[in-house]
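Structure at a glance
Next come the chains, spelled out residue by residue.
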Amino acid sequence: MAKVLVQQAPFDAGAETAALTAGRTDVGGVASFLGVCRSDDGLDAMVLEHYPGMTERAIERIAAEAEGRWPLTGCTVIHRVGRILPGEPIVLVLTASSHRAAALESCAFLIDWLKTRAPFWKREEFAGGTERWVEARAEDDAAAARW
Amino acid sequence: MRVLYFAWVRQKVGIAEEDVAPPAEVRDVATLVAWLAARSPGHAAAFADPKQLRAAVNQDFATPDHPVAANDEVAFFPPVTGG
């Protein structure tokens, strides 16, 4: 059963990683993806909106799919919402397994599917007060479809 | 029926959610879109190009032919951009 959190607060990636190996000796590797807010085109902040309830459910389903496809010993997905500044983390995906291939592949799978199947929307705020909604990218659909 | 709007769909409609009682001929997501679009200029703007919209019925992604009923929670939003 994966740990899934959608929250405004920052998270501690180190503590979350340590939690996946604490007290057990069957973990051979932990793979991680840390998504960070970039400052493109003079971005001041990114504001993330989500669909409370559906978002958690969608991520839990994606994580269950990963646990069905790969032999994972642990899985953590934390996605922040609200106003996030350039340089701040947005999303953390951790997968632990006895062997590295399962950890690495399931981690890539999780972030690819999360990008296209979990109801989050990004709004970019720029200096001077302009804003724009981020548009979905065909490359993200292609990345999700390869799994 | 509870209808929720997210991201620029919410901004164009002007509200985040509303309770509606569509007529019997509104049977699926597509006919609900057509009916909602006639409610206000904001709705019309939000639903002007249904291809730009995605929907969920009771918190599951739904296609235009997905049935809708009186007690459903239906949401409209742009393609998702998380991660």
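Note: the structure precedes this text.
Residues numbered from 1 in each chain as written. Chains lettered and ligands numbered in written order. Predicted model: local features only at pLDDT ≥ 70, side-chain atom pairs only at ≥ 80, totals over all residues. Heavy atoms only, no water.

**Re the sheet that holds strand β2 (residues 29-36) of chain A**
Residues and elements named next belong to chain A.
- One open sheet accounts for four strands, arranged β1-β4-β6-β2; its pairing is mixed. Each having just a single partner strand, β1 (3-7) and β2 make up the two edges of the open sheet. Taken over all neighbouring pairs, the strand axes of this sheet differ in orientation by 5 degrees on average, direction set aside.
- As defined by bridge partners, strand β4 (residues 72-80) adjoins strand β6 (residues 89-97) across seven bridges and the pair is classed as antiparallel. Each bridged residue has a counterpart across the sheet, and for G74 the counterpart in β6 is A96.
- Contacts from helix α2 (residues 54-69) reach β1 and β4, with the element oriented near 155 degrees to β1.
- With respect to the sheet, helix α3 (residues 100-117) is in contact with β2, β4 and β6, its orientation differing from that of β6 by roughly 145 degrees. (Pairing = 2+ DSSP bridges. Helix = DSSP H or I, 4+ residues; strand = E, 2+ residues; numbered from the N terminus. Axes fitted to C-alpha atoms, helices over the stretch in contact; angles between N-to-C directions. Contact = heavy atoms within 4.5 Å.)

**Section: the pairing of strand β3 (residues 54-57) of chain B**
Residue and element names in this part refer to chain B.
- Alignment of β3 against strand β5 (residues 73-77), held across four bridges, turns out to be antiparallel. Note that in β5 the partner of A55 across the bridge is F76.
- Pairing of β3 with strand β4 (residues 60-62), which is carried by three bridges, proceeds in the antiparallel orientation. Bridging across to β4, A55 finds its partner in A62.

**Examining the packing of aromatic side chains**
- A full pass over the atoms with the stated rule returns eleven aromatic pairs over all chains.
- Taking the centre distance of 4.6 Å and the plane angle of 35 degrees together, the rings of Y51 of chain A and F6 of chain B count as tilted. One end of the pair, Y51 of chain A, is in the loop between β3 (43-50) and α2; the other, F6 of chain B, is in the loop between β1 (2-5) and α1 (7-13), on a second chain. When sorted by exposure, Y51 of chain A lands in the same class as F6 of chain B, which is buried.
- Taken together, a centroid distance of 6.2 Å and an interplanar angle of 70 degrees make the contact between Y5 of chain B and F47 of chain B edge-to-face. (Phe/Tyr/Trp six-rings, centres within 6.5 Å; stacked < 30°, edge-to-face > 60°. Buried < 20%, exposed > 50% of the residue type's maximum accessible area, 1.4 Å probe, protein only.)

**Concerning the side chain of T55 of chain A**
Residue and element names in this part refer to chain A.
- Along the chain, the position of T55 falls in helix α2.
- Among the residues examined, T55 registers a relative accessible area of 0% and is labelled buried.
- Excluding residues within four positions of it along the chain, T55 makes contact with V6, H50, P119 and F120.

**So, the packing of α3 of chain A against helix α4 (residues 138-145) of chain A**
All names here are of chain A.
- Two numbers describe how α3 lies on α4: the axes approach to 8 Å, and their chain directions differ by 130 degrees. Here α4 runs oblique to α3, going by the angle between their axes. As α3 packs across α4, the resulting crossing turns out to be left-handed. Contact residues: D112, W113, K115 and T116 in α3; D140, D141, A143 and A144 in α4.
- Taken together, the residues of the contact of α3 with α4 sort by class into three nonpolar, one polar and four charged. (Parallel < 35°, antiparallel > 145°, perpendicular 65-115°, else oblique. Left-handed = near helix turned anticlockwise from the far one by under 90°. Nonpolar A, V, L, I, M, F, W, Y, C, P; charged D, E, K, R; others polar.)

**So, the interface of chain A and chain B**
- Of the residues lining the interface, 27 residues belong to chain A; the matching set on chain B comes to 20 residues.
- Of the roughly 1,900 Å² buried between chain A and chain B on both sides combined, carbon and sulfur atoms contribute 56%.
- Contact with chain B buries surface across chain A, with Y51, M54 and W121 of chain A losing the most and accounting together for 35% of the total.
- Two residues, R61 of chain A and D60 of chain B, come together in a salt bridge whose shortest N-O distance is 2.8 Å.
- Joining chain A to chain B, the criterion identifies 16 residue pairs in polar contact (both at pLDDT 80 or more).
- Elements with a minimum of two residues in the side of chain A that touches chain B: β3, α2, β6, α3, β7 (120-126) and β8 (131-133) of chain A.
- Ranked by residue count, the leading element in the side of chain A that touches chain B is α3 of chain A, at five residues.
- Here the residues of the side of chain A that touches chain B sort into 14 nonpolar, four polar and nine charged. (Buried area = accessible area lost by both parts, 1.4 Å probe. Salt bridge = Lys/Arg side-chain N within 4 Å of Asp/Glu carboxyl O. Polar contact = N/O pair within 3.5 Å; in protein donor to acceptor, adjacent residues only side chain to side chain.)

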